[in-house]
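# Examining the three-dimensional arrangement
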Amino acid sequence: MDKSSVIGSVLGVICCVLVGWMASHGNWGMFYSEKGLIMVFGGTISVIFMALPMEKIKQVPGYVKRFLFHKSMPMTELVQLISRLSERARRDGILALESEMANVKDPFMAQGLKMAIDGVDPGNIEQLLRMEIVAMQDRHKAGKKFFDLIKLYAPGYGLVATLIGQVGMFGGLADADIGHLGHMLAVAVVATMYGTVLANAVAGPMGDKLSLRSSEEILNREMMLQSILSIQAGDNPRVTQSKVLAFVPAPQRAKLNLAA
């Protein structure tokens, strides 16, 4: 479970509920508009179907799961694993890493190490693993695109619902009293609120988190790729570690170096 995602989600809900209660004094009905719900949520769903192919839409539960759960190997653990593998390969030969494969949980690194142990040409290993990275980037872009669509179009549909409500309100000015007009205006504005909350409190943060996680995973895989090539080349473990730490920001290098 990604703690920051859960904390942020819970805190956002608490803020919305608290401010809503303070504004309505417990009269939550003033925030309900079936017309706004139909227009904002129905319209946004229609945009998603128009913009994304069906196979990407079927992966939406996976996008939400990646927001809530982070499976990528922590950087400290990755550096420790690479250091251990490089030292074992330097001391006992690369074939000795076959007994270490049970400790390699990441499929990407396991695939690369198996090819290195089997004696596959380094150029072919790099080419195949980089193809894996490119394919992963494409999958992650689809998840980001899904939330970007909601962020972009939900407020627009909220505005459309508001304008439709205002047209209806203005069309009935001759016969309606001030109380009815106020109610109609409130219903119209609620639709804009739905779109704004959906875009800025839900889709925007989730899309940004997926983008950040994608960058972190790409960096981790690049570290794995360079470490596999270095181990196969028979580099000194310190050289392998230095290549890996080159991807780490300077303030974190000393800590990771000690952890390794």
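Now for a look at the structure at hand. (Residues numbered from 1 in each chain as written. Predicted model: local features only at pLDDT ≥ 70, side-chain atom pairs only at ≥ 80, totals over all residues. Heavy atoms only, no water.)

Let us look at the overall build of the chain. From N to C terminus, the chain includes 10 helices and zero strands. Its C-alpha atoms give the chain a radius of gyration of 26 Å, more than 25% over the compact-globule value 18 Å for 260 residues. Referenced to the eigenvectors of the C-alpha coordinate spread, the extents of the chain come out at roughly 90 × 35 × 30 Å. Considering only residue pairs separated by 6 or more positions, the chain has 74% of its internal contacts joining residues 24 or more positions apart. Approximately 14900 Å² of the chain is accessible, and the part contributed by carbon and sulfur atoms is 64%. (Helix = DSSP H or I, 4+ residues; strand = E, 2+ residues; numbered from the N terminus. Rg over C-alpha atoms; globule rule 2.2 N^0.38 Å. Contact = heavy atoms within 4.5 Å. Areas by Shrake-Rupley, 256 points an atom, 1.4 Å probe, with all protein chains shown as cover.)

Mapped onto the secondary structure, Ser 5 falls in helix 1 (residues 3-24). Judged by relative accessible area, which is 3%, Ser 5 ranks as buried. Among residues more than four places away in sequence, those in contact with Ser 5 are Phe 67 and Lys 209. (Buried < 20%, exposed > 50% of the residue type's maximum accessible area, 1.4 Å probe, protein only.)

Looking now at helix 1. Spacing of three or four residues puts side chains on the same side of an α-helix, whose turn is 3.6 residues. For helix 1, spanning 22 residues, the distance from its first C-alpha to its last is 31 Å, which sits close to the expected 32 Å at 1.5 Å a residue. Two residues or fewer past helix 1, His 25 is found with a positive phi of approximately 55°. (Expected span 1.5 Å × (residues − 1).)

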